Amino acid sequence: MHNNSTSRLQVTDLSCVRDDRVLFEELCFELYSGQVLLLEGENGSGKTSLLRILCGFREPDAGQVLWCGNAINDSQYYEDMAYVGHLNGVKKELTALENLKVSLALGKAGQYSIAQALAKVQLADFDDALVQTLSAGQQRRLSLARLLITHNSLWILDEPFTSLDIKGITLIESLMTEHCNKGGMIVLTSHHDIALPSVDVQRILLS
Amino acid sequence: MSLFYAFLAIIRRDLLLAVRRRSEIANPLLFFVLVITLFPLGIGAQPHLLQAIAPGIIWVSALLAAMLSLDSLFRSDFDDGSLEQILLSPYPSSILVLGKIIAHWLVTGLPLLIVAPLLAVFLGMPMQSMGVLLITLLLGTPVLSLIGAIGVALTVGLRRGGMILSLLVLPLYVPVLIFAGNAVEMAGSGLPVDAQINILISILCLSLVLAPWPTAAALKMSVN
């Protein structure tokens, strides 16, 4: 894990226009190690579009996103970030273990082994189960386990609590707190209230 | 080295997925066999005519079978978000995409190669052109997968991309069809086919090097 206090995500004058509708304009923020950025706003206010710009899937209509002072289309950024979107990104025909092995091969090894990560998200007994036999909440936890096995310092999470029960939400919140305490940073959208008492949470309201 | 490991992991994953959903292997192969077996029935008792058009039948069927299988290349990864994860990998997407294309060819192209000799005998193709038929299929079908990948990558985000895909990809398939069909026909009459084979080799090398980049770029556009 990056424990580098200089890592920072800088967004300056970002605008996003979709179908002639301005979603946001001149958005600026900075995020440092140990911080969480919570994006709030109604449905369709551009939260997901902002996350997808941060992932590099979408070009911003104006402005720029810098990671440690460099533009994000530089491969160092992709080593340092991990994204869990609306879609879980796990294959239903593979087992939990096979899915995580592929994710591990696609990134750099991180802090936890696959077995440890599965234990952390309470799926230790399901490593040989096909993903299609898991419940929606379990699939969600599996896709969040990906964050633990690969090297990353920035987590970008789009509605991470979808289909999780109260225990699952508490679990993910504790993982997020742990990540921030180790110097990581998180950008997330959520309709749930998040309880991260020991973490510096910035909020941005998109409207 | 770890890039190579990621490349292999993608191939391994796609092969495993193909084994778990067998229809993906069976469909193009079944299509190929069905089309070819229908020709003798349609043409009737004219063995010479059948023999003369056998190279064309086999190649056109292989081409259509390859096109039919293209959609499965990125569809499921696009639908479940795995594609986003592949594109977010720190490794070059073009290499990872090449891994996917190779796995796709192993699943859909290679089986055609295995049944082709059988079907060639069935159509009464002369034995001396069998070797050339296999060589052209070996060189040509990977090109179909590589070029097709660009088209699928462009259309995977569209709900009804099938028609556009055929329009995009078919013209690019034509050179392969012409040279491969011609080579098999010439071999049947005992003529040298080095020129056609060399051209097919160069088309394969070119598309192997050039196709993954536009494919990766088009996929990035499609996930947007």
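Each remark here, short or long, concerns the structure printed above.
Caption draft 1: Molecular detail of the interface of chain A and chain B. Of the residues lining the interface, 22 residues belong to chain A; the matching set on chain B comes to 20 residues. Elements with a minimum of two residues in the side of chain A that touches chain B: helix H2 (75–80) and helix H3 (96–106) of chain A. Looking at which element gives the most residues to the side of chain A that touches chain B, the answer is H3(A), with five residues. Classifying every residue of the side of chain A that touches chain B by side-chain character gives nine nonpolar, six polar and seven charged.

Caption draft 2: Region of interest: the nonpolar core. Of all hydrophobic cores here, the largest spans 124 residues; its most connected members are A:Ala145, A:Ile156, A:Ile186, B:Ile58, B:Ala62, B:Ala153 and B:Leu219. Tallying contributions element by element places helix H8 (residues 130–155) of chain B first for this core, with 13 residues. Not counting the four nearest positions on each side in its chain, A:Ile156 is found in contact with A:Leu51, A:Leu54, A:Cys55, A:Met81, A:Tyr83 and A:Val187.

Caption draft 3: Local environment of helix H11 (residues 212–223) of chain B. Residue and element names in this part refer to chain B. Along its 12 residues, H11 runs 17 Å from first to last C-alpha, staying within 8% of the 16 Å computed at 1.5 Å per residue. Looking at H11, one finds that the buried residues are Pro212, Thr215, Ala216, Ala218, Leu219, Ser222 and Val223. Projected onto a plane normal to the axis of H11, the buried residues spread over an arc of 165° and lie on a single side. Buried positions along H11 lie against helix H4 (75–80), helix H5 (82–87), helix H6 (93–108) and H8.

Caption draft 4: The environment of A:Val65, seen in detail. Residue and element names in this part refer to chain A. On the secondary structure map, valine 65 appears in strand E4 (residues 62–67). A C-alpha to C-alpha distance of 6.9 Å links valine 65 and leucine 54, two positions 11 residues apart in sequence. Valine 65 has contacts with Val11, Leu14, Ile53, Leu54, Pro60 and Ile72, leaving out every residue within four places of it along the chain.

The rules behind each value
- Residues numbered from 1 in each chain as written.
- Chains lettered and ligands numbered in written order.
- Predicted model: local features only at pLDDT ≥ 70, side-chain atom pairs only at ≥ 80, totals over all residues.
- Contact = placed C-beta atoms within 7 Å.
- Helix = DSSP H or I, 4+ residues; strand = E, 2+ residues; numbered from the N terminus.
- Nonpolar A, V, L, I, M, F, W, Y, C, P; charged D, E, K, R; others polar.
- Core = buried A, V, L, I, M, F, W, Y, C linked by C-beta atoms within 7 Å.
- Buried ≥ 20, exposed ≤ 12 C-beta atoms within 10 Å, placed from the backbone.
- Expected span 1.5 Å × (residues − 1).
- Arc of directions from axis to C-beta.

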